[in-house]
Amino acid sequence: MEQNMTSLIMIFGATGDLAKRKLFPSLYRLFSRNKLDKFAVIGVARRSLSNDEFQQSVRESVTSALGNKENLDEFASHFYYQSHDVADSNSYVSLKKFADQIDETYDLEGNRIFYLAMAPEFFGPIALHLKSDGLTDVKGYKRLVIEKPFGHDLESAKTLNKQIRSAFSEKEVYRIDHYLGKEMVRNIEVIRFANAIFEPLWNNRYISNIQITSSETLGVEERGRYYETSGALRDMLQNHMMQMVALLAMEPPISLTTDEVRSEKVRVFRSLRTVEGEEVKQYFVRGQYGEGTIDDVKVPNYRDETMVDKESNTETFVAGKIMIDNFRWAGVPFYIRTGKRMAAKSTKIVVQFKDIPMNLYYQPEKMLNPNLLVIHIQPEEGITLHLNAKKAGGHLDAQEVKLSFANTGIHAMNTPEGYEKLLYDCMRGDATNFTHWDEVAYSWAFVDKISAVWEKTKAEFPNYESGTMGPKAADELLEKDGFFWWPVTDLEVDICK
Ligand SMILES: NC(=O)C1=CN([C@@H]2O[C@H](COP(=O)(O)OP(=O)(O)OC[C@H]3O[C@@H](n4cnc5c(N)ncnc54)[C@H](OP(=O)(O)O)[C@@H]3O)[C@@H](O)[C@H]2O)C=CC1
Ligand SMILES: O=C1O[C@H](COP(=O)(O)O)[C@@H](O)[C@H](O)[C@H]1O
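What counts as what
- Residues numbered from 1 in each chain as written.
- Chains lettered and ligands numbered in written order.
- Predicted model: local features only at pLDDT ≥ 70, side-chain atom pairs only at ≥ 80, totals over all residues.
- Heavy atoms only, no water.
- UniProt positions renumbered as here; feature names shortened; annotations may be inferred.
- Helix = DSSP H or I, 4+ residues; strand = E, 2+ residues; numbered from the N terminus.
- Rg over C-alpha atoms; globule rule 2.2 N^0.38 Å.
- Buried < 20%, exposed > 50% of the residue type's maximum accessible area, 1.4 Å probe, protein only.
- Contact = heavy atoms within 4.5 Å.
- Areas by Shrake-Rupley, 256 points an atom, 1.4 Å probe, with all protein chains shown as cover.
- Lys, Arg positive; Asp, Glu negative; His and termini not counted.
- Charge placed at Lys NZ, Arg CZ, Asp CG, Glu CD.
- Pairing = 2+ DSSP bridges.
- Axes fitted to C-alpha atoms, helices over the stretch in contact; angles between N-to-C directions.
- Domains from an automatic or database assignment.
- Buried area = accessible area lost by both parts, 1.4 Å probe.
- Salt bridge = Lys/Arg side-chain N within 4 Å of Asp/Glu carboxyl O.
- Polar contact = N/O pair within 3.5 Å; in protein donor to acceptor, adjacent residues only side chain to side chain.
- Patch = residues over 30% accessible without salt bridge, like charges linked within 9 Å, V, L, I, M, F, W, Y side chains within 5 Å.
- Phe/Tyr/Trp six-rings, centres within 6.5 Å; stacked < 30°, edge-to-face > 60°.
- Lys NZ or Arg CZ within 6 Å of the ring centre and 35° of its normal.

Per an unreviewed UniProt entry, the recorded name for the protein is Glucose-6-phosphate 1-dehydrogenase, and the organism is Neobacillus bataviensis. What UniProt records for the protein under Pathway (unreviewed entry) is the sentence "Carbohydrate degradation; pentose phosphate pathway; D-ribulose 5-phosphate from D-glucose 6-phosphate (oxidative stage): step 1/3." Per UniProt, the comment on the protein under Catalytic activity (unreviewed entry) is "D-glucose 6-phosphate + NADP(+) = 6-phospho-D-glucono-1,5-lactone + NADPH + H(+)".

So, in structure tokens, the structure goes:
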């Protein structure tokens, strides 16, 4: 793999929220760790700004995300601004001239990263212009980083992909899924494939079900316009949740190359049981938040949020049972749930193992505790293994014990922000933690069948109170299979202490 950390990074949408909150601070962290060789950034957006004003906004965003930092002036001096309307062809001609000049000044070897941090309707047109107006005619590498959402459904994703692919090859396209930058999401593979105690048990003989929860306390905030066209199914399930399912379910790749890992993930997507028509209500539950209280603050109904339809049929919560019909996973439900305005901000994976054949130690009053492997993705990062062991001093009484590993505890620092890792990977030319077109296409095909049913039928919303773990039907989804959601807040236990 290339390790050339020299590049001209062009950020389209450089005055936007994502650039300020995530991209500038992440670049700063790479800079401060000496991970960048020669680099310059051209920020592109519509409004008119001088280079000085832009550099000031870069300094402010780094300070606001990371506090006062060293060498900030030196870092910011690598940033340039170009006012540009992405819909106007003439702008690209002057942008190309400017980019060539910066390339020469910093000796950037013709390496270019185009980061599209803009509304998705611009992705295709920008990619086409970059090629037709010569910005991609470089002697080094050219890479296109694309934010989510990648389309609205399979059809629109195909159209977008066609536009992008007429300017960039698949290997040059880096589709961001920021969950793939999270430390513990990346750890899933290592936990699975580097431990002799897990891999032999990682199948339908020993695992009864897997639960993935990604709950948020935030509501839709200022994103009503986008969210009304998306909902939790497209916003979270089609991408982040499906990626976690794939990492948990895939076969061990023969090596850790981008192509091998991606091809194993694609095999999982190909094995997904299609859920359509009448089956959708047996497998999936949707919800929309009503008013409630979070952290002692009263919060409004989703339908009363800015830019939201008073009769909105958009789901802010989704729970589902995903079946993977292959040899390893036949019969094992993967339960997923995600939503806004829930009781806690938490992303966790709970792997519940099957009960042992006979319960010697808890009978007759109590049930044996199943063994659980909990992967804490956020806010705390770590692993907890729930076992049964003898109670100290007692006769042969058993009790549940927990073996915990806290990522932060070991490294005594915050783990790097996901965007930092993804930017670093992109500069190194490592696309393993970006989504391949095939993954996107399969997961849209799966999700489209569900949205087709939901869009046709009006739901009885709101159906969960803000500050709770979603509608009752989400609990019933597991109850009818004899399971229940392991409470994510209780599982937070002591791992970070
Ligand atoms: N914000 C976040 O936390 C996340 C965002 N994303 C994705 O990132 C992308 C950007 O989101 P976000 O930063 O929130 O969006 P914002 O609305 O905050 O920013 C949009 C940016 O696009 C620029 N822009 C708009 N129209 C044009 C135009 N015609 N020509 C040139 N520039 C233009 C704006 O510049 P100006 O104002 O000067 O016109 C601004 O810099 C979206 O795809 C979103 O889905 C994904 C995950 C998280
Ligand atoms: O992609 C998105 O993710 C965030 C949740 O991300 P997290 O890293 O805070 O878990 C979600 O709020 C947003 O709606 C969605 O677009």
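(A) Examining the overall build of the protein more closely. Counting its secondary structure elements, the protein contains 15 helices and 17 strands. Its C-alpha atoms give the protein a radius of gyration of 24 Å, within 12% of the compact-globule value 23 Å for 497 residues. When each of the 497 residues of the protein is scored for burial, the buried share is 56%. Sequence separation of 24 or more characterises 78% of the internal contacts of the protein that already satisfy a separation of 6 or more. Accessible surface for the protein amounts to roughly 21900 Å². Of this, 51% is attributable to carbon and sulfur atoms. Across the protein, 61 positive and 72 negative side-chain charges occur, with their mean positions spaced 2 Å apart.

(B) Seen up close, the sheet that holds strand β16 (residues 398-406). If you trace the 8 strands from one edge of the open sheet to the other, you get β8-β11-β12-β7-β13-β14-β15-β16, paired in mixed fashion. The sheet terminates laterally at β8 (284-287) and β16, the two strands that pair on one side only. Direction aside, the axes of adjacent strands within the sheet are offset by 15° on average. Two strands pair when backbone bridges link them, and strand β11 (residues 317-322) and strand β12 (residues 334-339) are joined in this way by 6 bridges, in the antiparallel orientation. The residue of β12 that forms the bridge with I322 is F334. Packing of helix α7 (residues 183-193) onto the sheet brings it into contact with β13 (346-353), β14 (372-378) and β15 (382-390), and relative to β14 it is tilted by some 150°. Against the sheet, helix α15 (residues 472-479) contacts β7 (207-215), β8, β11 and β12, and its axis sits at roughly 10° relative to β11.

(C) Representation of the domain arrangement of the protein within the structure. What the domain assignment reports for the protein is domain 1 (6-147) and domain 2 (180-480). If you average the C-alpha positions of domain 1 and of domain 2, the two centres end up 34 Å apart. Contact with domain 1, which involves 18 residues of that partner, is made by 13 residues of domain 2. Summed over both sides, the interface of domain 1 with domain 2 buries roughly 1400 Å², with 70% coming from carbon and sulfur. Scanning the region where domain 1 abuts domain 2 turns up 2 salt bridges. Put simply, R33 and E420 hold a salt bridge, and the shortest N to O gap is 3.5 Å. One can count 5 residue pairs in polar contact (both at pLDDT 80 or more) joining domain 1 with domain 2. The element best represented in the side of domain 1 that touches domain 2 is helix α1 (residues 17-32), accounting for 7 residues.

(D) Layout of a nonpolar patch on the surface. The grouping of M358, L360, Y361 and L396 at the surface amounts to a nonpolar patch, some 440 Å² of accessible area in total. Topologically, Y361 is positioned in the loop between β13 and β14.

(E) Structural view of the packing of aromatic side chains. Enumeration according to the criterion identifies 24 aromatic pairs in this entry. Residues Y335 and W485 carry aromatic rings whose centres are separated by 6.2 Å and whose planes lie at 70° to one another, so their mutual orientation is edge-to-face. Of the two residues, Y335 is situated in strand β12 and W485 in the segment after α15; the sequence distance between them amounts to 150 residues. Pair check on accessibility: Y335 and W485 agree, each one buried. An aromatic cluster is built from F24, Y28, F31, F39, F54, F75, F79 and Y81, whose rings are joined through pairwise contacts. Cation over ring: K182 sits above Y179, and NZ or CZ is 4.7 Å from the ring centre.

(F) View of the environment of I377. With respect to the helices and strands, I377 occurs in strand β14. The exposure class of I377 is buried, given its relative accessible area of 2%. Expressed as a C-alpha distance, the spacing of I377 and D177, which sit 200 residues apart in the sequence, is 15 Å. Those residues in contact with I377 that lie beyond four places of it in its chain are K182, M184, V185, T347 and I349.

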